[in-house]
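# Results of the structural survey
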Amino acid sequence: MGNLDDYLDKLQDDIFEDARQALGDRGFDRWRNPKFNGKMADADGQACLTGECGDTMEIFLKFKNDRVCRASYFTDGCASSNVAGSFACELSMGRDPDQVADISQNAVLNAIGRLPESDMHCASLASRTVQEALSEYMSKQIKINNE
Ligand code: FES
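A few points on the structure. Here the structure is a predicted model, which means the values were calculated and not measured.

## Some remarks on the pattern of salt bridges
By the definition in use, this model includes nine salt bridges. The salt bridge involving Asp25 is made with Arg20; its shortest N-O contact spans 2.9 Å. Among the charged side chains, a salt-bridge network with shared partners connects Arg30, Lys35 and Glu90.

Written as structure tokens, this is what we have:
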């Protein structure tokens, strides 16, 4: 039993070490502690996009005084998509629509610090989903203002 425990501990250490190498310290810590994760029932803007990889990203934005006061994401994707969704939400917090519109793939990548080359599209999926959620919020605002 002791041997099995040792084996499993070692296996987990190896997986964590590989993930830290791939995601960098900031990304690794966020993967272990995925801030902003979850769905939001009362979002003002939300979107769900599926990337070419087949994974889905959902982003939820809640606004107060035209600034994001809450943000969350939900994905069935890889570790990198979780990290990217989380940082995309973090970048949205406290921002007005113009600033949210600036959350690009590069902005998400810069916030994370590093992603494996093969996972760059995960940051793109997160940023595109934020933009769609923002569009939904803006469309609602236009409707409200025209009523
Ligand atoms: Fe599909 Fe990361 S979002 S591999």
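## A closer look at the pairing of strand β2 (residues 56-64)
The side chains of a regular strand alternate, first on one face of the sheet and then on the other. The buried fraction of β2 is high, at eight of nine residues. Examined bridge by bridge, strand β1 (residues 45-50) and β2 share six bridges and lie antiparallel to one another. Within β2, the residue paired with Ala47 across the bridge is Ile59. Counting the residues that bridge the hairpin from β1 to β2 gives five residues, and of these Gly54 lies at a positive phi of roughly 95 degrees. Summarising the sheet, β2 and strand β3 (residues 67-75) pair through eight bridges and their orientation is antiparallel. From the neighbouring strand, Lys64 faces β3, where its bridge partner is Arg67.

## Description of the nonpolar core
It is characteristic of soluble globular proteins that their nonpolar side chains tend to be buried jointly. Judged by nonpolar contacts, the single largest core of 28 residues is most densely connected at Ile59, Leu61, Val100, Val108 and Ile112. At the level of elements, β2, β3, α2 (79-92), α4 (105-112) and α5 (120-146) are the ones that each hand at least two residues to this core. Here the element with the most residues in this core is α5; it accounts for seven residues. Those residues in contact with Val108 that lie beyond four places of it in its chain are Ala84, Ala88, Leu91, Ile103, Ala123 and Ser127.

## Some remarks on the packing of aromatic side chains
What the rule picks out here adds up to four aromatic pairs. Taken together, a centroid distance of 5.8 Å and an interplanar angle of 75 degrees make the contact between Phe16 and Phe28 edge-to-face. Pairing Phe63 with Tyr137 gives two aromatic rings, centres 3.6 Å apart and planes at 5 degrees, and the pair type is stacked. Placement of Phe63 in strand β2 and of Tyr137 in helix α5 is noted, with a sequence separation of 74 residues between them. Classification of Phe63 by relative accessible area gives buried; the value is 9%. The exposure class of Tyr137 is buried, given its relative accessible area of 5%. Aromatic rings pair up to connect Phe16, Phe28 and Trp31 into one cluster.

Quick notes on the rules
- Residues numbered from 1 in each chain as written.
- Predicted model: local features only at pLDDT ≥ 70, side-chain atom pairs only at ≥ 80, totals over all residues.
- Heavy atoms only, no water.
- Salt bridge = Lys/Arg side-chain N within 4 Å of Asp/Glu carboxyl O.
- Buried < 20%, exposed > 50% of the residue type's maximum accessible area, 1.4 Å probe, protein only.
- Helix = DSSP H or I, 4+ residues; strand = E, 2+ residues; numbered from the N terminus.
- Pairing = 2+ DSSP bridges.
- Core = buried A, V, L, I, M, F, W, Y, C linked by side-chain atoms within 4.5 Å.
- Contact = heavy atoms within 4.5 Å.
- Phe/Tyr/Trp six-rings, centres within 6.5 Å; stacked < 30°, edge-to-face > 60°.

Everything listed here is a matter of geometry and, on its own, says nothing about what the molecule does.
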